[in-house]
Every structure is written in C-alpha cells, then in structure tokens.
Amino acid sequence: MPLTTRSGFVGVRRRTSVVAALGTCLAYGLLLTTPVHALDPNTRLTQYTHTSWRMQDGSAPSGMYSIAQTADGFLWFLSSRGEIYRFDGVRFRPWRKPADAESIGRIRNLVGDQAGGLWALGAQGVAHLKDDVVSGHVVLDGLMPNPQNVSIDADGSIWVVRGANGTSEPLCHVTEQTVECFGKADGIPITPLDALLADGNGGFWLGGQTALVHWRAGVSETYPLEGVVANGAPGILSLARGPDGSIWVGVFSEGAGHGLARLEGGAVRSFVTPTFDGSKLHVFALRFDHDGNLWVGTDSNGILRVRGNVVDRYARAEGLSGSYVRAFYEDRERSVWAATNDGIDKFHDPRVTSFTVAEGLSSDSAVGLLASRDGTIWVANSDSLDHIVGGSVTSVRWPGQQVSSLLEDRRGNLWVGANDGLYLLKDGRFRRLSEPNRQPLGLIFGLIEDTDGNVWAHCFCGGTGKLLRIRDFEVQEEFSAPQVPGGRLAPDAQAGIWIGGRTGDLMLFRHGVLNRIPTGSHDNPFPNQVVAQPDGSVLAAFDDGLVGLRQGATQRMTTRNGLPCGGILSFVQNGDKRWWLNTQCGVVEFPDSELQRWWADPEAIIRIRVHDVLDGARPSARPPFNSAASSPDGRVWFVNSGVVQMLDPARLSRPALPAQTYIEAIVVDRKELPATHDLELSPHPRDLEIDYTSPSFLIPQKVRFRYRLDPVDRDWRDADTRRQAFYTDLAPGRYSFRVMACNSDGVWNDSATTLEFAVAPAFYQTLWFRALCAALSFALLGAAYRLRIRHLQRESRKLRDVVETIPAIVFEAGPDGSGAFANRRWLEYTGSSQRQHGEFAPEDRAWRESTCIHPGDLDGYVSCWRRAIATGQPFELELRLRRADGEYRWFLARHVPLRDEQGRTLKWFGTATDIEDQKQAEQERERLRQLEADLAHINRVSLMGELAASIAHEVNQPLTGVVSNGGACLRWLAGDAPNLEEAREAAGRIVRDGKRAGEVIARIRALTRRTVVSRGSLDLNESIREVLALVGDQAKRNNVMIRTPFADDLSPVLGDQVQVQQVVLNLVMNAIEAMSGVGDRARELVITTSNVDQEQVQVTVEDSGVGLDPTTVQKAFEAFYTTKPGGMGMGLSICRSILQSHGGRLWATARDGSGTLFHFTLPKCDDGKSATGVTGA
Amino acid sequence: MDRLVAVVDDDISVRESLESLIRSVRIGVRVFASAEEFLNSAHPREADCLVLDVHLPGMTGIELHRHLLALNRTVPALFITAHSSDEHARSEARSEWTVAYLTKPFSEDELLDAVHAALKWKPKTPTD
C-alpha cells in the first residue's frame, strides 16, 4: 500500500439552512413539494428517547469518562475522578476498589469482557476483576485516559495502546498474568499511540499523533495526517469501522484532513457534506451502533450522528448532559450511552415515534392524517398540508386554508375538505369543487366514499349542518337534520353509509332510508370514530369505550375488559390484522383474534399490549378528525397532541430482555453488608433492609419486583418498583430471601434470586444462657422456699398461740371425723384432761361421754356430723356443753371442711362458741314479744267488749229479719191457698239476712283471733269501711257523724289486715270516746285517706272532741297511759308498735278549734314485697 | 184489708221481713226507713198501728210517737229495738198508746200478737 498523499478532499464550507433550502428549492408550480429533511424515521436523532443523568441536578455522581457493561447486565461508569460506579438503570452504586487493585494506580479506563469480567486500566497497570475480586493484574505504565481504545481478543485477553511520550513499545497484549508489548522492532512505525481498532483479521489500526497505521504481523502501512497537528495535541484519539468496512478516524484537532475523517482513497480525509464540515471538530470518541449510525463525540460540540450524508446534532441545547463527550457505549438493549464531562446520556429507539416540527412538520398543530395507497402519509396541519413520503416530511403548496378532512377515493384522487370548501387533487393539481347556488360549501367535517362511488361530505354550510352526496364531482343531494343528521361517517361494506350522530346513535342511511340504532353511550355521546367492517359489524370509538354493533346488538369494550382507560380517540387495523386503539392513556394493541373473542363474549378480558407515555406515546384528550391510519407497509399512524405518531409493528415485535435480579446488599441497623451467601447476622437485628435490583435501562420505571422472606412471609409481596425490602426484629434462625422482577414488557422472570442468611441468637437467646437462667431461678426459688418455710413456722407458732388463747373451743379432725384434737380452752371448760380423741364412734359410750354434749342434743349433733362427713358440707348447730362444774351452757358449734383443689375434704375444723348469755337474752326477748302479743290480743278483745252492744245490734237486725221472714214464709205456705210466690221471696230474704249475720260474726272473729301475720296487698279504704260497719251503731248511739272523704285512687298498702284494722278500730273508738262529753258542737268523726307521696299512704282520724294538750300528746303513745277511767292505756302504744312493724308511723296533732287528729302512714305495696312471718300479735 | 200497719225501721232486713209477715196475716202494711219519711207520706193519719224502731237515725221512734201523740194523732205503737240493755229507752217509750216494747230478735208470734193487740187497742186511760 502506498503512503497516503497529503492532498485530500477540501471540505466545502457550506451549510445550508432549512429555510435556505426551502427557499432555493421552491419551484413555482401547481403543486410543488419541498424536501426539508431527509429522514429515516427509525434513526432520526431527535426522535430517540433521550434520558440524561447530570452532575448538576445530582442524578449522576460525577462527570463520566468510560462506560462498560458486564455479562450480568450492569453498566459500569468510570468517573473523571477515577471512581467506578455500578449502575442498574436507577441507582449509581459506588464500587470499592479492592486492596490488591491499588497497585494499578488511578483507573483511567474500564472495559467489560464477554465472560462477565471487567478490565480496569490504571496509570501503573491493568487489573482484571471478576465478581468484585481482582482475578489478576499486571504492571504496565504509560496507559493514557483514552476510552474505547482497547481491543478484546476472543480468548478474553486485551490489546491496549500506550500514549505516554517516551514509550518505545506502544502496543501491548495483556492477559490476567502477562503483558507483552510491541514497538519499532515489531514494525510499528510510530509511538506513542492513542487509538486502537482491531481489523478483524488479526491486525490493528493504530492511531498516533501524526498518522494512522495499519499493523499486522510485523507489516505496517502508514497514512499520515494532513497538515500539522499542533505541538502536544493528541492527534488521532479514536477509530471506528463502519458496516461497509470504511475506517473512520477521530482527530482531536481542526483542519483539513482532521476532525471527523475517514480513510478514503488511501488518505485520511475530513468528512464533508454540503451541509456539514467534519474538519471543524475536535473528535474524542467514535462508535458505530447496531443500525450502522456513526456516533461522534466531540469536544464542546456535543454529539453528532452520521448516517449516510445526514448528520444530526445533539448538544447541550438539545438537552445533552455536557458538551464534552468522552465515550459511547451501546448496551445489550441497543440503547446508546454517552459519557460526558457533566454526566451520562442515553438514547434509545422509542416504540412510538413522533414526527414534530423538529422532523419537518410545518407546525405542531396536526389535526388529521390519511395514509394513501402509495404509502404517502398526508397530514392536515394548521393552514397547511404536509405529507410524509419515504420518511421525508414535506410541506405541500396548498391553496386552501385549515384542512378539516381527507379522503382518497378508489380512483386515487385525494379529496381535501377545508373550512372554505372541498378540494380535489387530480392530476397533480388541487381543484375546488363547484358549489351549488354559488354558495361556499363551508367547513367540511367528514369525507367518505361509499361502495357505489358516492362521496359523502358532512359540512357546516350556510349556517347549518348538512350531509352532501357528491358524484361526478358535483353535489347531487343535500340532507339536513332531523331527516338525516350529520356526524362521523363510515361507508357500509354493502351499500349506504353509517352515521355516528351526536345523540350516540349509530344510523345506517341506505337507499334513502335511515335506520337508527342507539348505543347507550352517555359520557360524550358523539362518537370519535366509526368504522364499518366487511362482515357487516360496526365499531365506534367513544369516550367511554369501544362500541361494537353486530347483527343488531351492541356491546361495549371498556376498562372492564382490560383496557387501560375508556376514552378511545381513534382506532385502526393494520395489514397484519392487529388492532390499534389510540386511547387517552396510550396506544392499545391486540390481535384480531382477541376482538373475535370479545365479539363472542362481551365480558372477555382482552389480552392487550399498551404503549404509553414511557414508550413515547403522547395521548390527547380530544381527537381531531381522521386521526388514525395504517400505511401499506404495516405501520400505524395517529395524530396525537398536534404531532404525528407512528408505531412500526416490525420493530415492536422485539421483546425486552428477561429481567435478572440481583441482591446487592443487606443493611442491618444502617450498616451495609455485602450480600454474600450464608451470611450470619449479628444477634437481634432491629432494622433489616435488603437491597436488590434488576439492571434494565430501556424503561427502568416499568421494572417491578416481588419478594418474599421465608419463613416470615406467607406469600410473595409486591414491591412494585421499590428496590428495597424492609424487615424488623427478626428472631434468631435461618432465612431465605427470594426476589424476582419483570422486564419493561411486564414479563416476569420466575426464576427468583435467592439469598440465604441466618440471624445469630443473642446471648439471652442462647441455650446455655437459658439453662443458666433456669439454674439461677431454681436457686432463687430454693432460697425463697426456705425463707417461706421459716416464715410459715413463725406464722404457725403465732397462729397456735391465737388458737390456744381464743375465747372459743377450737378443734380439728380428720375427714372422717376421727382424731379430733381440741385447744386448751376445751380443757379449761370441760375440765377434761384429754385433748386428743380417737375414732368417730357415736355408738361408743365413752366417746359420747367424752364429747360433754348434753344428752338431749347429742343425737342431733351426731346426725349433723354424720351428714357433714358424708356430704362434705359445713354445718352449725346450737347445743349444750357440760362445764367442768357440771352445768350445761349453750354453745354454737360450727364445723367447716378444708378442701383440696378437687373438692375433697382434707380436714374438718370446728369451733364452739359460748352463746349461753345470748340465748338467755333471746328467750327474754321472746317472752316480751309474747307478752306484747297477749296485750294486743287483750286490747282487741276488750275493744270488742266495748263494742258488744254495737255488735249485738248488728247481729240482731238480720236475726230479726230471719225470724220474721221465717214466720211470714210459714204463713204464706199455710192455709187453703198458699201463696208460694210470697213464701219464696220470704225464704230468699231469710238466706240473705242469715248471711249478713254470719259476716258480722266472721268480722268479729277475725279481729279477735290470734292469727298468723299475713302481709299482703291491702285496700285500706275497704278495710276501714269494714271497721266502720262494726262501730256504726256505737257512733249512732253517741250521736257521732262519720264522714269518710277517702281518696278514690288510693294505692294498696302492704300490711296485715287484722292488725291494720285493729289500729283503725282503736283510733275510731278513741275518737268516739273523746266526743262523748261534747254537747256544744257537732260530734264529727272524719276519716281521710290519701296518697301522701310515692312511697306511703296516710290515714287521718279527726275528731271534734276535747282534744289533747301538747304534753298529753307525747304521753298518749306510752304504755299504760290512759285518760279513760277503765282503760289499760295499752291502745295507742300497741297501735304504734303495729305500725312501726309495718314500716309506718303514728302521730297526733291538735285540731283547729278543738279535737285531735291522729295520723298514720303505711308503705305502699310493691309487687313481690309481701312476706309472711309468725307473730303472736 | 181495711186496717193498716206502718213499719218504720232503718234496717232493710227488718223492714222487708215485717212487711211480708204482717201482710201474710192479711193486714195492710206500709214500710218507712225513717221518721221523716213516714211523716212526709200520706199515711200518718191512716195507720192503725205503728211498728217503730227505737233508734232511728235522726228522729227516734219514741220521739216520732210522742210527736204524733202531741199532734193528737193517737195511734197505738209497738217499739222494737236491737239493744236489749237500753233500759232508759224502754222507760222513755212507755205511754198509754204504747202497746209493746220488743227486743230484737223477737219471734214472729210476739210481733203479730202485739200487732193484733194494737189494732184492738183502747187506752186504759181514755184521753179526749
């Protein structure tokens, strides 16, 4: 090969701006299209999804210098300060340089190898790292920080170049343990070297300060750089080989043959196009990507991307993280990474590609599009008509204004509806359709062609909406609402057209007949798009779903069927029978088979793929017209948010790589530990954090995780995009943490990554500690037991003293009553010398004698004792015990069992308390009670005596009746004509009067009886009336008027009738008596009853007698006080005690004028308050 | 039935039984519950014989008889009483037109005899 000539292609310094090109190339004509940008829609730089991590905003830790990817999927970045970061798409994780890697000095370059290892090139040597461990390193000086200039052999060894001045052997072959360098002696003509590129045939392209060299097996060709490189400038810093084999040279200096250059005709020549001059650059990095684009990293000019003759720029102004681009890297997902002085940039092909002003659209106000059969995409834009032909966006010279509808008819004519009429593109020129009556057609909303060749237009013309039928380019018919309303139009497959009206109805207008089918859409009933299928079905896009109409029935596809949102703006089916729904939340894609499944089952969940904003979609809220189209090449097109968006199914079919998960670290109580297997954690970890990740760079936001920690979690836990798992207070034991992830396509990789670790027990959780605790507890328990015993002994002594000195006889006996043992008091009382008794032997005379129980009480005692032993129930009994002097005294004997937990009697305890004195007192009280009762009885009887005359009168009256009636009866019966009727009546009266007499007798007997006290509910009014019946005559004879103003609603009281009547009788008799001496005024006895309050009833007995002075009032209630010559003075006293025993009271007050009022109260009767007792009263 | 006996007693048993008894021997009879009722009726002048309870409420039988006698209405009366021991009343009732003083309970013959006697009664000491 000859030496390169120093001549070269002189770069044409001509950059034609877009505007200039437009201007110069604008040819005047009926229709001219102007190419603004040649564009390959797959590769246009501005159409890439660009992501950057900047040092300024903190998303990147530093400016970057070198990029590598290891086989595990992680990206590695070398910062300009020599630090290494591992990157998973979300987080930069600083990599700690192992100690044995220190010898290689400051790291200047980083290269990943096929085997998953990483070569680190330092100032003093090269190290190979595998799994964070240095697997080998060699000493090598003179390596310069020029990334990418490393070549990896198939065996994993690397070739590097040395750029330091004075290096005699600038090319080195490095393995993990060896290094071999080549220089002049090996045929390398220049030194030092800065760039290296393997030629694929065992040779290398080498770049130095002044020349490009090809070296292979000791033979070299040199291609000197044109001109002079400034002294000290590095010269060639990067090399790249294009898909066509061309060698591209990146020179870090300006000038002819410098900058971006390539080997061309045996010389290195700057790359110059009519619009681009490569000689003006300082090129730092070069790289061809998978699609054959050349990426050029420059000093201060950002990125240039070259494809063919098209050069795209991307610099800080476009959003690049920095101006100085150091390295490129294309990762496994075909994203291109750029390391800049201020951060990192990533470019990748979006799934949804946009065409905007940047790509040549006349403005970002697109409102509709049409894919014509020749592949042209027509775009209706604001006041212009653009089209995309073969990837170029072109603006069309168009005479109309705002385009509002587009149609390509079957003959290939383009119809354009605008706001000022209808145009037809025919034979290369636009023609405006003639208008009927010379009226402008106005705004054309929709244009379609039916199967019969009629063109239908929905226009707003002449101030009203109309449907026009056009044929032979003439308006043939006009239809207006309500006969035929306008709307979204679609041709039917057989004949006629479909109209989607504003009411939500779908209407078929065929042969002049309108058939209306409601769809039930309410949200926004005006359909966004209507399409009639060849099979006769109709699909309509609404804001609340896709409505299908088939065989007269409608069904709806909504979010319930799995759509991400209901608002469907437009839809289209492309060539490979897939459906594309442009929704308000992205483009939804599904095969026709899913639509068929939905036709069969309207509830079916549709298996869909969604391309959302993260994929580049820019959903609109409202649809323009004709906003979906499919071009003949199978691509689908939408108008969204004023721009054109395109999906290429051929590129979408490439699936994302399966997600690989890695556990990065365990953080225990804020201390990070490496996630090595069988990790033993220190005892009692309070907060445990497990960091895991899955390297994915395309759309890391879509990578989601699931994890579980056995045995803590019962099931997988959804972590969503979170990359940490948190646990607290893990108990000692072995744990297994598993984590899995899904990739950006949402496909889960079910093979989980596992981390086994153990939590060591704390000292207090260990066995020996527990054993020690147990031993200590036992020792403590023992000590406590001994203390307790001593305490109990003391207590026991104290208790014995108490038992011995207690003023009662105390004994204990076995569960069968045997072995009774008594206290000292027993010996003192009985004078017995025997404390201890043997068997329980009631038949034994000696035993009976030893009990000292009165013979009259002994049998009762023995039987109680026997029953208690049999049943285990305690008992008490009063019995007489013989004292030492032979006298018997009454004792209360109590026997109580001591039971165990099962209720078995262990022992009996007994006491005998001397109750002789209480007993006597009680007998005394009983005698007194008897006396009182006797007195009360006497009182009643004597009262009766006083009443005898009155009573005799009461009885004599009916007796007189009986006798007289009897006589009458006999006489009525006697004689010749007995009067039976009269006799019967007389006999009836005898019976009545006899009963009456009997009642009087019974009343008297009741009042004089010694009776059982029977308290019950008592009608006091009635009781008083009965008493008055007895005293009525007595009162009459004493000229006493009795008035009874009783309360009608008087509550019943609780009491004994006889006793209460005795009180009333006493008071009434006293009152009559008190008035016996009264002659100057009416003798009046008034008995009043009243409900005095909630609790009691009051009775007042008022007389107009002589009255009582205050001192006498008090005395009146004392026993044996009387003012009557023949009285005992017991009456009022007894009355008071009767009332008190009833819970009532009795008192007297003086009457105004003269006389006395006696009052008594009785408690009202509540249910269940009645009681029965025995008393002698 | 030309003769009429008037019975004044506040006790209904007595009134009804005497009415039946007297009528059974075919003597006309009228009964009254009190002296006032008798005085206010049309019969004070027609009664040929009075059967009076001593202890009538209000005006007693004795007072009624005295009243009638004072009005020159001489009619034989026989007194009945349930109080055997009331000797004071017995002496009070005594007059020339007093035929009998019977203590309840009396036999029907005693009463009828007294009634018959009263219907034929001529005072031992004629009055003008």
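Look up a bit, the structure's there.
Since the structure is predicted, the reported quantities are computational estimates derived from the model, not experimental observations.

Basis of the calculations
- Counting starts from 1 at the beginning of each chain's written sequence and moves along it residue by residue.
- Lettering for chains starts from A, numbering for ligands starts from 1, and both go in the order in which the items are written.
- Whole-chain, interface and lining totals are the exception, using all residues; otherwise, since this is a predicted model, local features are given only for residues with pLDDT of at least 70 and side-chain atom pairs are given and counted only at 80 or more.
- Note that the side-chain values use all heavy atoms of the structure and ignore hydrogens as well as water.
- Only DSSP runs of H or I with at least four residues qualify as helices, and only runs of E with at least two residues qualify as strands; both kinds are numbered from the N terminus onward.
- In this scheme, a residue with accessible area under 20% of its type's maximum is buried, one over 50% is exposed, and one in between is partly exposed, where area comes from a 1.4 Å probe on protein chains only.
- Any two residues having at least one pair of non-hydrogen atoms within 4.5 Å are treated as being in contact.
- All accessible areas in this document rest on Shrake-Rupley with a 1.4 Å probe, and a residue is counted as covered only by the protein chains that are shown.
- Any Lys or Arg side-chain nitrogen located within 4 Å of an Asp or Glu carboxyl oxygen qualifies as a salt bridge.
- Defined by distance alone, a disulfide is two cysteine sulfur atoms within 2.5 Å.
- At least two DSSP bridges between two strands are needed for those strands to be called paired.
- Note: buried area is the sum, over both parts, of the accessible area (probe 1.4 Å) each one loses when the two are combined.
- Here a polar contact is taken to be a pair of N or O atoms separated by no more than 3.5 Å, where protein atoms must pair a possible hydrogen donor with a possible acceptor and residues adjacent in sequence count only if both atoms sit in side chains.
- Axis definition: a line fitted to C-alpha atoms, limited for helices to the stretch in contact. Angles are taken between N-to-C directions and run from 0 to 180 degrees.
- Pairing of aromatic side chains requires ring centres within 6.5 Å, counting the rings of Phe and Tyr and the six-membered ring of Trp. Pairs whose planes differ by under 30 degrees are stacked, by over 60 edge-to-face, and all others tilted.
- Working rule for angles: under 35 degrees goes down as roughly parallel, over 145 as roughly antiparallel, 65 to 115 as roughly perpendicular, anything else as oblique.
- Here is the rule for handedness: rotate from the far helix to the near one, and if that takes an anticlockwise turn smaller than a right angle the crossing is left-handed, while a clockwise turn gives right-handed.
- Under the convention adopted here, Pro, Cys and the residues Ala, Val, Leu, Ile, Met, Phe, Trp and Tyr are nonpolar, Asp, Glu, Lys and Arg are charged, and Gly plus all remaining residues are polar.

Caption draft 1: Main features of the overall build of chain A. Scanning chain A from N- to C-terminus turns up 13 helices and 80 strands. Looking at chain A residue by residue over its 1177 residues, the buried ones come to 52%. When contacts within chain A are restricted to residue pairs at least 6 apart in sequence, long-range pairs at least 24 apart make up 54% of them. Counting only carbon and sulfur atoms, one obtains 52% of the accessible surface of chain A, whose full area is about 53,600 Å².

Caption draft 2: Layout of the overall build of chain B. Per the secondary structure count, chain B includes 5 helices and 5 strands. Mapped in sequence order, the helices and strands of chain B form the string β-α-β-α-β-α-β-α-β-α. Summarising the internal contacts of chain B: among those between residues at least 6 apart in sequence, 62% fall at separations of at least 24. For chain B, the exposed surface amounts to about 5,900 Å²; the carbon and sulfur share of it is 48%.

Caption draft 3: The pattern of salt bridges, seen in detail. Summed over all chains, the structure comprises 62 salt bridges over all chains. A salt bridge links A:Glu594 to A:Arg607; the shortest N-O distance between them is 3.2 Å. In this pair, A:Glu594 is assigned in helix 2 (residues 592–600) and A:Arg607 in the loop between helix 2 and strand 56 (609–611), connecting sequence segments 13 residues apart. Notably, a salt bridge pairs B:Glu108 with A:Arg971, separated by 3.6 Å at the nearest N-O pair. Of the two residues, B:Glu108 sits in helix 5 (residues 108–119) while A:Arg971 sits in helix 8 (residues 916–973), which places them in two different chains. The class for B:Glu108 is buried, based on a relative accessible area of 14%. Judged by relative accessible area, which is 24%, A:Arg971 ranks as partly exposed. Three or more residues joined by partner-sharing salt bridges are found here, namely A:Arg86, A:Arg91, A:Arg93, A:Glu664, A:Glu672 and A:Asp691.

Caption draft 4: Region of the structure containing the state of the cysteines. Residue and element names in this part refer to chain A. Applying the stated rule across the entire model yields 2 disulfides over all chains. Across the disulfide from Cys172 sits Cys181; the S-S distance is 2.1 Å. Judged by the torsion about the S-S bond (105°), the Cys172/Cys181 disulfide is right-handed. On the basis of relative accessibility, which here comes to 0%, the residue Cys172 falls in the buried class. Across the disulfide, Cys565 is cross-linked to Cys585 (sulfur-sulfur distance 2.1 Å). Given an S-S torsion of about -110°, the disulfide between Cys565 and Cys585 has left-handed geometry. Taken as a pair, Cys565 in the loop between strand 52 (553–557) and strand 53 (568–573) and Cys585 in the loop between strand 54 (578–583) and strand 55 (586–591) lie far apart in primary sequence, 20 residues in all. Here Cys565 falls in the buried class, since its relative accessible area comes to 14%.

Caption draft 5: Summary view of the pairing of strand 51 (residues 545–550) of chain A. Residue and element names in this part refer to chain A. Burial within strand 51 is extensive, with 5 of its 6 residues counted as buried. Bridge analysis of strand 50 (residues 538–542) against strand 51 gives 5 bridges, and the strand direction is antiparallel. Among the inter-strand pairings, Phe542 is bridged to a residue of strand 51, identified as Gly545. Here strand 50 folds back onto strand 51, and the loop between the two strands holds 2 residues.

Caption draft 6: Quick look at the interface of chain B and chain A. Each partner contributes residues to the interface: chain B has 24 residues there, and chain A has 24 residues. Buried area between chain B and chain A, summed over both chains or domains, comes out near 2,000 Å², and the portion from carbon and sulfur atoms is 51%. Sorting the residues of chain B by area buried against chain A places B:Ser13, B:His83 and B:Pro105 first, and these three jointly supply 23% of that buried surface. Counting across the chain B and chain A interface gives 6 salt bridges. Between chain B and chain A we count 12 residue pairs in polar contact (both at pLDDT 80 or more) in total.

Caption draft 7: Region of the structure containing the side chain of B:Ser13. In this fold, B:Ser13 is placed in helix 1 (residues 12–24). Within polar-contact distance, the side chain of B:Ser13 engages the side chain of A:Asp993 at 2.7 Å. Polar contacts involving the side chain of B:Ser13 include one to the side chain of A:Arg996, which spans 2.9 Å. Sequence-distant contacts of B:Ser13, that is, excluding residues within four places in its chain, are made with A:Gln957, A:Pro958, A:Gly961, A:Arg992, A:Asp993 and A:Arg996.

Caption draft 8: How the structure looks around unusual backbone geometry. All names here are of chain A. The omega torsion across Thr191 and Pro192 is -10°, close enough to zero to call that bond cis. For Pro192, the location among the structural elements is in the loop between strand 14 (179–182) and strand 15 (193–198). Following Asp710, the chain continues to Pro711 via a peptide bond in cis, the omega torsion being 5°. If you trace the backbone, Pro711 turns up in the loop between strand 64 (704–710) and strand 65 (717–720). Not every positive phi belongs to a glycine, and Asp472 is a case in point at roughly 55°.

Caption draft 9: Just the side chain of A:Thr167, in detail. Along the chain, A:Thr167 turns up in the loop between strand 12 (158–161) and strand 13 (171–174). The contacts of A:Thr167, once residues within four sequence positions are left out, are A:Arg162 and A:Thr191.

Caption draft 10: The sheet that holds strand 77 (residues 1084–1091) of chain A, seen in detail. Residue and element names in this part refer to chain A. As summarised here, the arrangement of the 5 strands in space is 75-77-78-80-79, forming an open sheet in which the pairing is mixed. Each having just a single partner strand, strand 75 (1041–1043) and strand 79 (1145–1150) make up the two edges of the open sheet. Along the sheet, successive strands turn relative to each other by an average axial angle of 15°, direction set aside. Looking at chain direction, strand 78 (residues 1096–1103) and strand 80 (residues 1156–1163) are connected through 7 bridges and run antiparallel. Residue pairing in the sheet places Glu1102 in a bridge with Leu1157 of strand 80.

Caption draft 11: Expanded view of the pairing of strand 5 (residues 84–87) of chain A. All names here are of chain A. The two faces of strand 5 match: Ile84 and Arg86 on one face and Tyr85 and Phe87 on the other face are all buried. Pairing of strand 4 (residues 75–79) with strand 5, which is carried by 4 bridges, proceeds in the antiparallel orientation. Each bridged residue has a counterpart across the sheet, and for Leu75 the counterpart in strand 5 is Phe87. Counted along the chain from strand 4 to the antiparallel partner strand 5, the turn is 4 residues long, and its residue Gly82 has a positive phi close to 90°. The pairing of strand 5 with strand 6 (residues 92–95) spans 4 bridges and is antiparallel. Paired with Phe87 across the two strands is Phe92, which belongs to strand 6. Remark: 4 residues form the turn of the hairpin made by strand 5 and strand 6, two consecutive strands paired antiparallel; Gly89 in that turn has positive phi of roughly 105°.

Caption draft 12: Spatial organisation of the sheet that holds strand 38 (residues 414–418) of chain A. All names here are of chain A. Strand order in the open sheet formed by 4 strands is 37-38-39-40, with antiparallel pairing between adjacent strands. What marks the edges here is a single partner per strand, and that holds for strand 37 (403–408) and strand 40 (429–432). Strand-to-strand twist of the sheet, defined as the mean angle between neighbouring strand axes without regard to direction, takes the value 25°. In this sheet, strand 40 lies alongside strand 39 (residues 421–426) in antiparallel orientation, the contact comprising 4 bridges.

Caption draft 13: Local environment of the packing of aromatic side chains. Residues and elements named next belong to chain A. Under the counting rule described, the total for this entry stands at 48 aromatic pairs over all chains. Consider the rings of Tyr707 and Phe737, whose centres lie 5.5 Å apart with planes at 35°: the pair is tilted. Of the two residues, Tyr707 sits in strand 64 while Phe737 sits in strand 67 (residues 733–742), which places them 30 residues apart along the sequence. With a centroid separation of 6.1 Å and 50° between ring planes, the pair formed by Trp865 and Phe875 is classed as tilted. With a gap of 10 residues between them, Trp865 in helix 7 (residues 855–871) and Phe875 in strand 71 (residues 875–882) connect regions that are remote in the sequence.

Caption draft 14: Here's a closer look at the packing of helix 10 (residues 1020–1037) of chain A against helix 11 (residues 1057–1074) of chain A. Residues and elements named next belong to chain A. Remark: helix 10 packs on helix 11, axes separated minimally by 9 Å, with the N-to-C direction vectors making an angle of 40°. By the criterion of interaxial angle, the relationship of helix 10 to helix 11 is oblique. Regarding helix 10 and helix 11, the two cross each other, and that crossing is right-handed. For the pair helix 10 and helix 11, the contacting residues are Leu1020, Ser1023, Ile1024, Glu1026, Val1027, Leu1028, Val1031, Gln1034 and Ala1035 in the first and Gln1057, Val1060, Gln1061, Val1064, Leu1065, Val1068, Met1069 and Ile1072 in the second. When grouped by side-chain class, the residues that make up the contact of helix 10 with helix 11 number 12 nonpolar, 4 polar and 1 charged.

Caption draft 15: Highlighting the environment of A:Pro518. All names here are of chain A. Along the polypeptide, Pro518 turns up in strand 48 (residues 513–518). Separated by 36 residues in the primary sequence, Pro518 and Thr554 place their C-alpha atoms 8.5 Å from one another. Each residue touching Pro518, except ones within four places of it in the same chain, is listed here: Asp505 and Thr554.

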